[in-house]
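Residue strings, one per chain:
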Amino acid sequence: MARRPTPPGTPQPTGVGHVIGLVKAAVPPLHPAGLPFVLTPLAVAAVGRNRKWVRRAGLASAAACATFFRHPHRVPPNRPGVVVAPADGEVALVDTAVPPAELGMGDQPLPRVSIFLSVLDVHVQRTPVAGLVKKVVHQPGQFLSADLADASEVNERNSMLIETPDGHDVAVVQIAGLLARRIVCEAKEGDKLTIGDTYGLIRFGSRVDTYFPADTTLLVERGQRTVGAETVLAQLS
């Protein structure tokens, strides 16, 4: 079996240990928020194990939920001044827009990148930059389809403002979608975050907007696929 390259001097696993290592590397772990959604259908499958259709439906539901709540390991770039994608998905908008009013960033349009997440994408959100969390504000709203331009203004959202060590303000906004009814944000005001940290989750199908300082150089195009914590969206000046 092929082995992943390892630094010189690293002991190589053999036999069963090597197979277990390959499985762990191929199957991403589960985000804790997904445990109830996986355990419940597994319990149904166990209780109804003597009925084939109940068992199969329970196992299929558990597998689907485990896939949705997967939480793969990611390695952010170490270049200074970069802003990474806060989510997996497709770049739906690359434009300028006024940031959410609750963040107090002013009424002038700023560069924005919107990432749309389908139900098949990884749905955890990652910190786009390292820095200090200055604000976290939840705003109730509607549940329009997340790929509509108006969704950033009228849909339920959770907005977070981060100040980088160099003094740049970067905002990231979790936006609920047509099927999404729950936004999870584990970050709090005063937290110090590292680039690529997992800080939240949206269920099920959603959008994440990132707002940048005015003189930022954007490095992605509409229609591009992003990998959370690894794809570079922009370079701060």
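Each residue is numbered by its place in its chain's sequence as written, counting from 1. With the structure being a predicted model, the display of local features is reserved for residues of pLDDT at least 70 and the display and counting of side-chain atom pairs for 80 or more, all residues being used for whole-chain, interface and lining totals. In computing side-chain values, all of the structure's heavy atoms are included and hydrogens and water are not.

## What about the overall build of the chain?
What counts here: By definition, any uninterrupted DSSP run of H or I lasting at least four residues is a helix, any uninterrupted run of E lasting at least two residues is a strand, and each is numbered from the N terminus. For the exposure calls, accessible area comes from a 1.4 Å probe over protein chains only, and a residue counts as buried if that area is under 20% of its type's maximum, exposed if over 50%, partly exposed in between. Only heavy atoms matter for contacts: two residues are in contact if any of them lie within 4.5 Å across the pair.
Within the chain, the regular secondary structure consists of four helices and 14 strands. Taking all 237 residues of the chain together, 43% fall into the buried category. For the chain, restricting intrachain contacts to residue pairs at least 6 apart in sequence, the fraction spanning at least 24 positions comes to 70%.

## Notes on the UniProt feature "modified residue: Pyruvic acid (Ser)" (unreviewed entry) in the chain
Filter applied, for reference: UniProt positions are given in the numbering used here, feature names are shortened, and annotations may be inferred rather than shown by experiment.
Within the UniProt annotation, "modified residue: Pyruvic acid (Ser)" (unreviewed entry) is assigned to Ser206. Here Ser206 lies in strand E11 (residues 206-211). Judged by relative accessible area, Ser206 falls into the buried class, the value being 0%.

## A short note on unusual backbone geometry
Even without being a glycine, Ala229 presents a positive backbone phi close to 75°. Position of Ala229 among the secondary structure elements: in the loop between strand E13 (225-226) and strand E14 (232-235). A residue is classified by how much of its surface remains accessible, and Ala229, at 0% relative accessible area, is buried.

## Observations concerning the nonpolar core
The criterion, for reference: We define the nonpolar core as a collection of buried residues of types Ala, Val, Leu, Ile, Met, Phe, Trp, Tyr and Cys that are connected through side-chain atoms lying within 4.5 Å of one another.
Core analysis: the biggest nonpolar cluster contains 25 residues, and Val83, Val113, Ile115, Met160, Val208, Phe212 and Leu233 have the highest contact counts within it. Going through the elements one at a time, strand E3 (110-117), strand E6 (157-163), strand E7 (169-176), strand E10 (198-203) and E14 are the ones with two or more residues in this core. Those residues in contact with Ile115, other than ones at most four positions away along the chain, are Ala85, Pro86, Ala87, Asp88, Gly89, Glu90, Val91, Ser206, Arg207, Val208, Thr226 and Leu233.

## Digging into the sheet that holds E7
As a reminder, the rule being used: Strand pairing is defined by DSSP finding a minimum of two bridges between the two strands.
Strand order in the open sheet formed by eight strands is E9-E5-E6-E7-E11-E3-E2-E13, and the pairing between neighbours is antiparallel. Each end of this open sheet is capped by a strand with a single partner; those strands are strand E9 (192-193) and E13. Pairing geometry for E7 and E11, over six bridges, is antiparallel. Its bridge partner being in E11, Gln174 is matched across the sheet by Val208.

## With respect to the environment of Arg203
Looking at where Arg203 falls in the secondary structure, it is placed in strand E10. You can call Arg203 buried: its relative accessible area is 18%. Here the alpha-carbon distance between Arg203 and Ile183, two residues 20 residues apart in the chain, equals 6.7 Å.

## A word on the pairing of strand E5 (residues 131-139)
Relative to E9, E5 runs antiparallel, the two sharing two bridges. Bridge pairing links Gly131 to Leu193 in E9. Here seven bridges tie E5 to E6, and the two strands are oriented antiparallel to one another. Bridge pairing in E6 links Gln139 to Arg157.

## A short note on the sheet that holds strand E4 (residues 124-126)
The following threshold applies: Every axis corresponds to a line fitted to the C-alpha atoms, with the helix fit spanning only the stretch in contact, and the corresponding angles, defined between N-to-C directions, vary from 0 to 180 degrees.
Pairing within the open sheet is antiparallel, and its three strands lie in the order E4-E10-E8. In this open sheet, the two edge strands, each paired with only one partner strand, are E4 and strand E8 (182-185). Each strand of the sheet is rotated relative to its neighbour by a mean of 20°, with strand direction disregarded. By the bridge criterion, four bridges tie E8 to E10 in an arrangement that is antiparallel. Paired with Ile183 across the strands is Ile202, a residue of E10.

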